[in-house]
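The primary structure of each chain is shown beneath.
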Amino acid sequence: MKDNNQIMLTAEDGSEEAFFVWEKAEIAGREYLLVSEAAPEEDTEEEADAFILRVNGEEEDGEVLYDVVEDEKELLIISKYFEELLEDIDIEM
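Residues numbered from 1 in each chain as written. Predicted model: local features only at pLDDT ≥ 70, side-chain atom pairs only at ≥ 80, totals over all residues. Heavy atoms only, no water.

## Observations regarding the nonpolar core
For clarity, the cut-off: The term nonpolar core refers to a set of buried residues drawn from Ala, Val, Leu, Ile, Met, Phe, Trp, Tyr and Cys, joined through side-chain atoms within 4.5 Å. Remark: exposure states derive from per-residue accessible area (1.4 Å probe, protein chains only) relative to the maximum for the residue type, with buried under 20%, exposed over 50%, and partly exposed in between. The way it works is that DSSP assigns letters per residue, a run of H or I at least four long becomes a helix, a run of E at least two long becomes a strand, and they are numbered from the N terminus.
Ala-25, Ile-27, Tyr-32, Leu-34, Ile-52, Val-69, Leu-75, Ile-78, Phe-82 and Leu-86 together form the largest nonpolar core, which totals 10 residues. Going through the elements one at a time, strand 2 (16–27), strand 3 (30–36) and helix 1 (72–85) are the ones with two or more residues in this core. Looking at this core element by element, the count peaks at three residues for helix 1. Grouped together as the second largest cluster of nonpolar side chains are seven residues, Ile-7, Phe-19, Val-21 and Leu-33 included.

## Quick look at the sheet that holds strand 1 (residues 6–10)
Within a sheet, adjacent strands bond to each other through the backbone by hydrogen bonds, running parallel or antiparallel. To keep things clear, this is the line we draw: The pairing criterion is simple: DSSP has to find at least two bridges between the two strands. Axes here mean lines fitted to C-alpha atoms, for a helix over just the part in contact, with angles spanning 0 to 180 degrees between N-to-C directions.
The sheet built from five strands is open, its strands ordered 1-2-3-4-5 with antiparallel pairing. Each edge of the open sheet carries a strand with a single partner, namely strand 1 and strand 5 (64–68). Strand after strand, the sheet turns through a mean of 45° between neighbouring axes, direction not considered. Sheet topology note: the strand 4 (residues 50–58)/strand 5 ladder contains four bridges and is antiparallel. Within strand 5, the residue paired with Arg-54 across the bridge is Asp-67.

## Details of the pattern of salt bridges
Here is the rule we go by: Salt bridges are counted wherever a side-chain nitrogen of Lys or Arg sits within 4 Å of a carboxyl oxygen of Asp or Glu.
Under the definition given, this model contains three salt bridges. Taking the shortest distance from any N to any O, the salt bridge between Arg-54 and Asp-67 comes out at 3.9 Å. Taken as a pair, Arg-54 in strand 4 and Asp-67 in strand 5 lie far apart in primary sequence, 13 residues in all. Given the relative accessible area of 15%, Arg-54 is considered buried. Accessibility expressed as a relative area gives 27% for Asp-67, which makes it partly exposed. Note that Glu-74 is salt-bridged to Arg-54, the shortest N-O span being 2.7 Å.

## Overview of the side chain of Ser-36
Put simply, the rule reads: Polar contacts, as counted here, are pairs of nitrogen or oxygen atoms within 3.5 Å of one another; within protein the pair requires one atom able to donate a hydrogen and one able to accept it, and residues that are adjacent in sequence qualify only if both atoms are side-chain atoms. Should any heavy atoms of two residues lie within 4.5 Å, those residues are counted as being in contact.
For Ser-36, the position within the fold is in strand 3. By relative accessible area, Ser-36 is classed as buried at 3%. Within the structure, the side chain of Ser-36 is placed 2.9 Å from the backbone oxygen of Asp-49, a separation counted as a polar contact. Excluding anything up to four places from it in sequence, Ser-36 contacts Phe-19, Phe-20, Trp-22, Ala-48, Asp-49 and Ala-50.

## Quick notes on the layout of surface pockets
Heads up, the rule is: Note on definitions: the grid is 1 Å and covers protein atoms alone; a cavity is a set of points where a 1.4 Å probe fits but cannot get out; a pocket is an open set with protein on both sides within 12 Å along at least five of seven lines; lining residues have an atom within 4 Å of a point. Grid points are joined across faces, edges and corners, and a volume is the space filled by probe spheres set on the points. Charged residues are taken to be Asp, Glu, Lys and Arg, nonpolar residues to be Ala, Val, Leu, Ile, Met, Phe, Trp, Tyr, Cys and Pro, and polar residues to be all remaining types, Gly included.
Considering only enclosed or pocket space, the second largest pocket measures out at about 570 Å³ in volume. Around the second largest pocket, the lining is made up of 20 residues, and of these Met-8, Leu-9, Thr-10, Val-64 and Tyr-66 lie nearest the centre. Tallying contributions element by element places strand 5 first for the lining of the second largest pocket, with five residues. In the lining of the second largest pocket, the residues fall into 12 nonpolar, two polar and six charged.

What follows is the structure, encoded as structure tokens:
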């Protein structure tokens, strides 16, 4: 993870993109991150795309592996949890 709660994600094609970590949670022994391209400090009323990532291990070089949560049931449970932690946001799927 980079400084200022920002992570770099590398796609399968090798392209990289920076995301801000809005919140972290450990649920049922799994670690989840709520990330967005917008910084949490940005005072905006505009909608921003967000993703819920699940930590899926670590490579030998220390790089953390993430999966985007796509299972609807898991996504619903985790998004509700993040909504409760961050009272001033609404997560829509």
